[in-house]
Structures are given as structure tokens and as C-alpha cells.
Amino acid sequence: MGELPFFRAHAALHPDHLWIWAKAVYVDENQRTWLPIIIETESGLQVLMRQEDVALGEALCPSQLTPYPLPLMWQLYPGRRYRGSDSSFWRIVYHIEFSGMEDMLLEQLRDPDDE
């Protein structure tokens, strides 16, 4: 009987900052692009950030963006959290890299002291 290949996911380094570039495109401090997928659950809001290379056009300034449910910028905070430019806090549920693809699941915290 043949052996199945063993795939292994590993933890990835979290970006220090994520800035909105265009609707549904964020850029980190290393100019890598991240695409958000918004997930509404019974317990609140989650966002799956997928690091995927996309061609960047001109950056939009905040006044050019239509109302958007996510912060315009996230900054990494201690305790596996991000703080949004709107003062919201987001817990890093997981951040993995697998086969060259990075996924980071963030969950909005109702109380910043939650963890």
C-alpha cells in the first residue's frame, strides 16, 4: 500500500500593520497584499485574511471608499490581537502558512480585555 504525502501547516509571522489599499485589498509593511473575506457569525464578526498577490493600482484615500465594515488599518498589539483604526480589537484565531498560502482568521472582540 502506498504512503500518502504528509502535509504540514505552520504558524506564520503576523504583519505589524495592514493598511487598506482599495476596497477588499490590504497591504502590509512588506508590500504583500491581503484579501479579506467577511464572515458574520452568531457570536459576532470574523474576517479571513488571505495573503494573495494581486496587482495594485493607485491607492484610494479613505474619502474615496464607500462605507466599509472593516477598519481602514490594523496594528498588531501584544496578546495575539490587532487594534483597528476605529479602536476595535480583533483576536488572531489562527495564522497559518500551507503550501505557500497564508490565511489569518481574525475575530472582533466585544470587550478589548477578552482573550
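The structure this text deals with has already been given above.
All of the points below concern the structure found in this document. If you're wondering where the values come from, they're calculated on a predicted model, not measured in any experiment. (Residues numbered from 1 in each chain as written. Predicted model: local features only at pLDDT ≥ 70, side-chain atom pairs only at ≥ 80, totals over all residues. Heavy atoms only, no water.)

### Some remarks on unusual backbone geometry
Right, so step 1: Positioned with a positive phi, Ala24 is a non-glycine residue whose angle comes to about 70°.
Right, so step 2: Checked against the element boundaries, Ala24 lands in the loop between strand 2 (17-22) and strand 3 (25-28).
Right, so step 3: Despite not being glycine, Gln31 has its phi angle at roughly 65°, a positive value.
Right, so step 4: By the secondary structure assignment, Gln31 is in the loop between strand 3 and strand 4 (33-41). (Helix = DSSP H or I, 4+ residues; strand = E, 2+ residues; numbered from the N terminus.)

### Observations concerning the packing of aromatic side chains
Right, so step 1: For the structure shown, the criterion picks out three aromatic pairs.
Right, so step 2: Ring plane angle 85° and centroid distance 5.6 Å describe the contact between Trp74 and Trp90, whose orientation is recorded as edge-to-face. Residue Trp74 is located in strand 6 (residues 73-77), and its partner Trp90 is located in strand 8 (residues 89-98); the two are separated by 16 residues in the primary sequence.
Right, so step 3: Of the residues examined, Trp74 reaches a relative accessible area of 0% and is grouped as buried.
Right, so step 4: Each member of the aromatic cluster is reached from another via a ring pair, and the members are Tyr26, Trp74 and Trp90. (Phe/Tyr/Trp six-rings, centres within 6.5 Å; stacked < 30°, edge-to-face > 60°. Buried < 20%, exposed > 50% of the residue type's maximum accessible area, 1.4 Å probe, protein only.)

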